[in-house]
Amino acid sequence: MITVSINGEPRQLPQAISVTAFIEVMGYSGKRIALERNGEIVPRSTFANAILNDGDQLEIVVAVGGG
Amino acid sequence: MNDELIIAGKHYSSRLLVGTGKYKDFTETRAALDASGAEIVTVAIRRTNLGQNANEPNLLDAVPPSKFTYLPNTAGCYTADDAVRTLRLARELLDGHSLVKLEVLGDPQSLYPNVIETLAAAKTLVADGFQVMVYTSDDPIIAKQLEDIGCVAIMPLASLIGSGMGILNPWNLQLIMDRVSVPVIVDAGVGTASDAAIALELGCAGVLMNTAIAGAENPVLMAGAMKLAVQAGRSAFLAGRMPKKLYSASPSSPTAGIIGSVHK
């Protein structure tokens, strides 16, 4: 069991999974999102190989209306 | 006549840039954008709503990046670090898109730019390969420093964001235009069509607005009005207005050949 923070909210995951698997769990597969881990961008091309660690702080963002 | 707005080497036929916030839904957003004729549209970058329907409508579907040039902004950022992180996320989200709007705010009441943090963020972003269009105060010295850093457009406020107070200090806009050679685009403060026309008449390269359109009773009608106002203002600037003659009138009709008085 690991605990990560997603957009400021804690979330427990059964094990250390890849970002690709994590995106799937969150229901964002195929969605236009960008992900930052501990202040650093995780490029989409590296999602499959990037494994989440206990304590990771993740930000998941989308484009919304704004001026 | 070929009169295009050129930003970072890319040509645009519209000098009206618009925001995508505050509309009632994406249908209205898209209708207003189409009526405005804008090619460059600003978007915000925000956390996903966890636990909400992942299939909710997406701005990227309503306003496809294939049809519009996205200008991701840093609205809501109060530090250079937050602004830089936000735009790096935007670049990743938009497949390497590097044209961005930098704004670093000073306080939530005035939304006035914090120029010290703005300068710091601009340096980092330019070094990182971003093409930075920068929201700033109407201070001509700061504007020049932002150009020297490498920003591709200087975007001074005309009055506070969302205030609709219009062009409060045309003299400062002129001082900025006298000093910088990249496009100067009025960002913030426009309330109605005449404000947009004034900005262009002054010689500004363009105008960026959101609330003036989205906050109108009929946003789509106002979007069309803004399109015409920007075109009218630009044409008037290019035409070169007549000099103002203070305290002296000049008749428009011939002064010779006026019929004489009848002598009785």
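Residues numbered from 1 in each chain as written. Chains lettered and ligands numbered in written order. Predicted model: local features only at pLDDT ≥ 70, side-chain atom pairs only at ≥ 80, totals over all residues. Heavy atoms only, no water.

Examining the overall build of chain B
- Along chain B, the regular secondary structure elements total nine helices and 10 strands.
- For chain B, the spread of C-alpha atoms along the principal axes amounts to about 95 × 40 × 40 Å.
- The burial tally for chain B puts 49% of its 264 residues in the buried class.
- Counting contacts in chain B only where the partners sit at least 6 residues apart, residues at least 24 apart contribute 65% of the total.
- Of the roughly 12800 Å² of accessible surface on chain B, 54% is carried by carbon and sulfur atoms. (Helix = DSSP H or I, 4+ residues; strand = E, 2+ residues; numbered from the N terminus. Buried < 20%, exposed > 50% of the residue type's maximum accessible area, 1.4 Å probe, protein only. Contact = heavy atoms within 4.5 Å. Areas by Shrake-Rupley, 256 points an atom, 1.4 Å probe, with all protein chains shown as cover.)

Re the interface of chain A and chain B
- In this assembly, 27 residues from chain A lie in contact with 28 residues from chain B.
- For the pair chain A and chain B, the two sides together bury roughly 2500 Å², of which 56% comes from carbon and sulfur.
- A per-residue breakdown of the area chain A buries against chain B is headed by Arg32(A), Ala63(A) and Gly67(A), which together make up 26% of the total.
- Summed over the shared surface of chain A and chain B, the number is four salt bridges.
- Applying the counting rule to chain A against chain B returns 15 residue pairs in polar contact (both at pLDDT 80 or more).
- Secondary-structure elements contributing two or more residues to the side of chain A that touches chain B are strand S3 (34-37) and strand S5 (57-65) of chain A.
- Among the elements that take part in the side of chain A that touches chain B, S5(A) stands out by supplying seven residues, more than any other.
- Split into classes, the residues belonging to the side of chain A that touches chain B amount to 14 nonpolar, seven polar and six charged. (Buried area = accessible area lost by both parts, 1.4 Å probe. Salt bridge = Lys/Arg side-chain N within 4 Å of Asp/Glu carboxyl O. Polar contact = N/O pair within 3.5 Å; in protein donor to acceptor, adjacent residues only side chain to side chain. Nonpolar A, V, L, I, M, F, W, Y, C, P; charged D, E, K, R; others polar.)

Some thoughts on the packing of helix H4 (residues 115-127) of chain B against helix H5 (residues 140-149) of chain B
Residues and elements named next belong to chain B.
- Close contact between H4 and H5 brings their axes to 9 Å; oriented N to C, the two are set at 15 degrees. Taken together, H4 and H5 sit at an angle that is classed as roughly parallel. Helix-helix and strand crossings are classified by hand; for H4 and H5 the assignment is right-handed. When H4 is examined against H5, the residues Val115, Thr118, Leu119, Ala122, Lys123 and Val126 are found in contact with a partner set consisting of Ile142, Gln145, Leu146 and Ile149.
- Its residues assigned to classes, the contact of H4 with H5 shows seven nonpolar, two polar and one charged. (Axes fitted to C-alpha atoms, helices over the stretch in contact; angles between N-to-C directions. Parallel < 35°, antiparallel > 145°, perpendicular 65-115°, else oblique. Left-handed = near helix turned anticlockwise from the far one by under 90°.)

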